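# Breakdown of the fold
Each chain, written out:
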Amino acid sequence: SQQGEEDPQALSIQEGENATMNCSYKTSINNLQWYRQNSGRGLVHLILIRSNEREKHSGRLRVTLDTSKKSSSLLITASRAADTASYFCATVGGGADGLTFGKGTHLIIQP
Amino acid sequence: EPEVTQTPSHQVTQMGQEVILRCVPISNHLYFYWYRQILGQKVEFLVSFYNNEISEKSEIFDDQFSVERPDGSNFTLKIRSTKLEDSAMYFCASSDGGGSGNIQYFGAGTRLSVL
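So, a few notes on the structure that sits alongside this text. Here the structure is a predicted model, which is why all the values come from computation and not from measurement.

Rules and cut-offs
Residues numbered from 1 in each chain as written. Chains lettered and ligands numbered in written order. Predicted model: local features only at pLDDT ≥ 70, side-chain atom pairs only at ≥ 80, totals over all residues. Heavy atoms only, no water. Disulfide = S-S within 2.5 Å. Helix = DSSP H or I, 4+ residues; strand = E, 2+ residues; numbered from the N terminus. Buried < 20%, exposed > 50% of the residue type's maximum accessible area, 1.4 Å probe, protein only. Contact = heavy atoms within 4.5 Å. Buried area = accessible area lost by both parts, 1.4 Å probe. Salt bridge = Lys/Arg side-chain N within 4 Å of Asp/Glu carboxyl O. Polar contact = N/O pair within 3.5 Å; in protein donor to acceptor, adjacent residues only side chain to side chain. Pairing = 2+ DSSP bridges. Axes fitted to C-alpha atoms, helices over the stretch in contact; angles between N-to-C directions. 1 Å grid on protein atoms, 1.4 Å probe; cavity = no way out; pocket = protein on both sides within 12 Å on 5 of 7 lines; lining within 4 Å. Points joined across faces, edges and corners; volume = space filled by probe spheres on them. Nonpolar A, V, L, I, M, F, W, Y, C, P; charged D, E, K, R; others polar. Phe/Tyr/Trp six-rings, centres within 6.5 Å; stacked < 30°, edge-to-face > 60°.

## Quick word on the state of the cysteines
Enumeration over the complete set of coordinates arrives at two disulfides over all chains. What pairs with A:Cys23 in a disulfide is A:Cys89, and their sulfur atoms sit 2.0 Å apart. Residues A:Cys23 and A:Cys89 share a disulfide whose torsion about the S-S bond is about 65°; that sign makes it right-handed. Of this pair, A:Cys23 sits in strand β3 (residues 19-24) while A:Cys89 sits in strand β9 (residues 85-92); the two residues are 66 residues apart in sequence, bridging distant segments of the chain. A single burial state applies to A:Cys23 and to A:Cys89, both of which are buried. What pairs with B:Cys23 in a disulfide is B:Cys92, and their sulfur atoms sit 1.9 Å apart. Between B:Cys23 and B:Cys92, the disulfide has an S-S torsion of -65° and is therefore left-handed. One end of the pair, B:Cys23, is in strand β3 (residues 19-24); the other, B:Cys92, is in strand β9 (residues 88-95), and 69 residues separate them in sequence. Residue class for B:Cys92 comes out buried when judged on its relative accessible area of 0%.

## Focus on the interface of chain B and chain A
In many analyses, interface size is given as the accessible surface area lost on bringing the parts together. Tallying the contact residues gives 20 residues for chain B and 22 residues for chain A. Together, the buried faces of chain B and chain A total about 1,600 Å²; carbon and sulfur atoms form 52% of this surface. Broken down residue by residue, the surface that chain B buries against chain A is led by B:Lys42, B:Val43 and B:Phe106, which jointly contribute 33%. Linking chain B with chain A are zero salt bridges, by the criterion used here. At the boundary of chain B with chain A, the tally comes to four residue pairs in polar contact (both at pLDDT 80 or more). Looking at the side of chain B that touches chain A, the elements with two or more residues in it are β4 (31-37), β5 (43-50), β6 (53-57) and β9 of chain B.

## Thoughts on the sheet that holds strand β8 (residues 75-79) of chain B
All names here are of chain B. Sheet architecture is open: four strands sit in the order β1-β3-β8-β7, paired in antiparallel fashion. One side of each edge strand has no neighbouring strand; the edge strands of this open sheet are β1 (5-7) and β7 (65-68). Between one strand axis and the next, the sheet turns by 20° as a mean value, whatever way the strands run. Where β7 meets β8, four bridges bridge the pair, whose relative direction is antiparallel. Across the sheet, residue serine 66 finds its bridge partner in β8, namely lysine 78.

## Some remarks on the sheet that holds β3(A)
All names here are of chain A. The five strands lie next to each other as β1-β3-β8-β7-β6, forming an open sheet whose pairing is antiparallel. Bordering the open sheet on either side are β1 (5-7) and β6 (55-58), each of which pairs with just one other strand. Pairwise comparison of adjacent strand axes, ignoring direction, gives a mean angle of 20° for this sheet. The sheet contact formed by β3 and strand β8 (residues 71-76) spans six bridges and is antiparallel. Opposite cysteine 23, over in β8, you have serine 72 as the bridge partner.

## Overview of the layout of surface pockets
Think of a ball as big as a water molecule: rolled over the atoms, this probe shows where empty space is left. Considered as a void within the structure, the largest pocket measures approximately 440 Å³ in volume. What lines the largest pocket is a set of 18 residues, among which A:Leu43, A:Val44, B:Glu3, B:Phe106 and B:Gly107 lie closest to the centre. For the lining of the largest pocket, the secondary structure elements donating two or more residues are β5 (43-50) of chain A together with β10 (105-106) of chain B. Among the elements that take part in the lining of the largest pocket, β5(A) stands out by supplying three residues, more than any other. When the residues that make up the lining of the largest pocket are grouped by side-chain class, the tally is nine nonpolar, six polar and three charged. In this structure, the second largest pocket spans a volume of roughly 380 Å³. Classifying every residue of the lining of the second largest pocket gives seven nonpolar, 12 polar and three charged.

## Focus: the packing of aromatic side chains
Across all of its chains, the model carries 14 aromatic pairs over all chains by this definition. Aromatic pair B:Tyr35 and B:Phe45: ring centres 5.6 Å apart, planes at 65°, arrangement edge-to-face. Taken together, the residues B:Tyr35 in strand β4 and B:Phe45 in strand β5 connect sequence positions 10 residues apart. Note on B:Tyr35 and B:Phe106: the rings are 5.3 Å apart at their centroids and 45° apart in plane angle, and the pair reads as tilted. Taken together, the residues B:Tyr35 in strand β4 and B:Phe106 in strand β10 connect sequence positions 71 residues apart. For the pair B:Tyr35 and B:Phe106, a shared accessibility class is recorded, and that class is buried. Among the aromatic residues, ring-to-ring pairing joins A:Tyr35, A:Phe88, A:Phe101, B:Tyr33, B:Tyr35, B:Phe45, B:Phe91 and B:Phe106 into one connected group.

Right under this line is the structure:
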């Protein structure tokens with residue numbers, strides 16, 4: 001599989017529920033970031049977690065990082081209809097500048 | 001809030017034509033990037049640019065592609081002779097690098113359609 005693979009590919013939940021998305025990667029990283037993309041729009045940065053961090057919170061977002069398993073999760077609590085979007089993890093590592101994105105999880109929040 | 005702006009939002013061109021996609025990065029940022037996203041696929045890194053030169057490029061960024069910062073505000077991507085497979089969304093991003101951990105701020109994209 002490729003760097004930055006998210007699962008599930010698609011997730012549909014009811015408004016108010018929590019949404020969890022996972023990401024796996026292959027190589028060593030400096031940090032891992034999560035981005036959101038609304039349909040046909042650009043990417044919006046959500047949160048960054050460094051390789052020496054295990055958990056980070058920002059508002060309704062909680063990100064975990066397990067470097068031993070090369071995986072990360074993004075939890076969105078108390079989901080809202082406006083959270084409907086695609087979510088991508090992206091890694092930076094090895095002296096590289098460019099972000100390596102996964103294929104994304106398409107999240108649908110049902111009202 | 002400062003943002004990255006891209007023009008045009010949609011570009012239609014004939015195969016073999018040259019296109020220039022334009023971007024105005026956030027004004028105090030020093031690092032600039034181009035990415036592309038073919039419909040239904042993931043976002044792919046093309047090139048990064050710092051201090052008036054390419055700092056990194058991917059395998060996709062072949063001799064058909066070039067980047068330029070012609071003045072203090074614009075950052076352009078040129079595709080010399082477009083192919084059908086160049087049809088994609090092209091995103092520009094910028095970053096101040098350093099302590100921000102390379103958080104990149106993206107524009108809304110240019111949809112390139114090659115006919």
